[in-house]
Amino acid sequence: MTALPSALTQRGRVAAFFDLDKTVIAKSSALAFSKPFFAQGLITRRSVLQGSYAQFLFLLSGADHDQMERMRAHLTNMTAGWDVEQIRSIVAETLHDIVDPLVYAEAADLIADHKARGHDVVIVSASGEEVVTPIAAALGATYSTATRMVVEDGRYTGELEFYCYGDGKVEAMHELAKTHGYDLSQCYAYSDSVTDLPMLQAVGHPTAVNPDRALRRAAGENGWPVLSFSNPVSLRARLQTPSRTTVATAAAVLSGAAVAGAFTYGIRRRKR
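For the structure given in this document, a descriptive report is provided here. Given the structure is predicted, the values throughout are model-derived calculations rather than measurements.

### Re the overall build of the protein
Here is step 1: Tallying secondary structure elements over the protein gives 13 helices and eight strands in all.
Here is step 2: Within the protein, the fraction of its 272 residues that count as buried is 54%.
Here is step 3: Accessible area of the protein: about 12300 Å², with a carbon and sulfur share of 50%.

### Regarding the pairing of strand β2 (residues 15–18)
Here is step 1: Because side chains alternate across β2, one face comprises the buried residues Ala15 and Phe17, and the other comprises Ala16 and Phe18, equally buried.
Here is step 2: Note: β2 against strand β6 (residues 188–191), three bridges, orientation parallel. By the bridge assignment for β6, Phe18 is matched with Tyr190.

### Some details on the nonpolar core
Here is step 1: Membership of the largest hydrophobic core comes to 37 residues, with the highest contact counts inside it found for Phe18, Leu20, Val24, Ile123 and Leu139.
Here is step 2: Elements that contribute at least two residues to this core include exactly β2, α5 (84–99), α6 (105–116), β3 (120–128), α7 (129–139), β4 (143–152) and β6.
Here is step 3: For this core, the leading source of residues is α5, giving six residues.
Here is step 4: Among the nonpolar cores identified, the runner-up in size contains 26 residues, and Phe162, Cys164, Tyr182 and Leu197 belong to it.

### Brief notes about the packing of α5 against α7
Here is step 1: Running from amino to carboxyl end, α5 crosses α7 at an angle of 35°, the nearest separation of the two axes being 9 Å. The two elements α5 and α7 meet at a crossing, and its hand is right-handed. Of α7, the residues touching α5 (which contributes Val84, Ile87, Arg88, Val91, Leu95, His96 and Val99) are Glu130, Val131, Pro134, Ile135 and Ala138.
Here is step 2: Here the contact of α5 with α7 is built from residues that sort into nine nonpolar, one polar and two charged.

### Observations regarding the packing of aromatic side chains
Here is step 1: Taken as a whole, this structure holds four aromatic pairs when the rule is applied.
Here is step 2: Both rings, one in Phe17 and one in Tyr182, keep their centres 6.2 Å apart while their planes meet at 85°; by these two values the pair is edge-to-face. With Phe17 in strand β2 and Tyr182 in the loop between α8 (167–180) and β6, this pair connects stretches of sequence that are 165 residues apart. When sorted by exposure, Phe17 lands in the same class as Tyr182, which is buried.

What counts and what doesn't
Residues numbered from 1 in each chain as written. Predicted model: local features only at pLDDT ≥ 70, side-chain atom pairs only at ≥ 80, totals over all residues. Heavy atoms only, no water. Helix = DSSP H or I, 4+ residues; strand = E, 2+ residues; numbered from the N terminus. Buried < 20%, exposed > 50% of the residue type's maximum accessible area, 1.4 Å probe, protein only. Areas by Shrake-Rupley, 256 points an atom, 1.4 Å probe, with all protein chains shown as cover. Pairing = 2+ DSSP bridges. Core = buried A, V, L, I, M, F, W, Y, C linked by side-chain atoms within 4.5 Å. Axes fitted to C-alpha atoms, helices over the stretch in contact; angles between N-to-C directions. Left-handed = near helix turned anticlockwise from the far one by under 90°. Contact = heavy atoms within 4.5 Å. Nonpolar A, V, L, I, M, F, W, Y, C, P; charged D, E, K, R; others polar. Phe/Tyr/Trp six-rings, centres within 6.5 Å; stacked < 30°, edge-to-face > 60°.

On their own, these measurements won't tell you what the molecule is for.
This is how it looks when you write it as structure tokens:
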């Protein structure tokens, strides 16, 4: 779990918990860095090409629990031996060029609206913290929590210290609530995937964003709001000219409610 600047600790505070991929940004955060990883010799050309198709499949249908587990195993095996500082350097050097154009304007406005209401904003992602932490900082989040890999002698061992997925996200949310005094019954959560049902059920104000079919069905059964984000835009441009429409939409949802795809191709081939 990573603390970002300017967090206040008070009992009964409210937080808005955001999933990252396909909720705040229009692409898998891990896949977004595949080209610079390839340029540095960390992954093969085949992985890059497969990742492009995997992103297409991910956007169409999302990934279920079994697929996420297979992706987790594949990713940890692939990254074993990678130099941690090299990854951090690649992300820092390419962050704005790669991530800025992927941020949904609607999500950025919603984050700004929560902050204006005095809420903390927390990015909760199954992607690695080396990728998630700088993205969260760029978005102006108060905190971020993400998957952590075991590191020895400056390199990943291929084992996980903490998997921020499913019930793991809820565990991280409860830890943050205990530390910072959040009343989860008054908090908000936003996600696109049915695999994040535990995260959404952990708060008083859940919202499905760009939901997969299973989550859309669950949202309907529970009477949760559903949002469609479809306007990726440069974060820097959005900060200069915020959209009145998206601000109004975010405000309406807030008042009415009180909101890894890189290897799916290989996974689905194995399922055939």
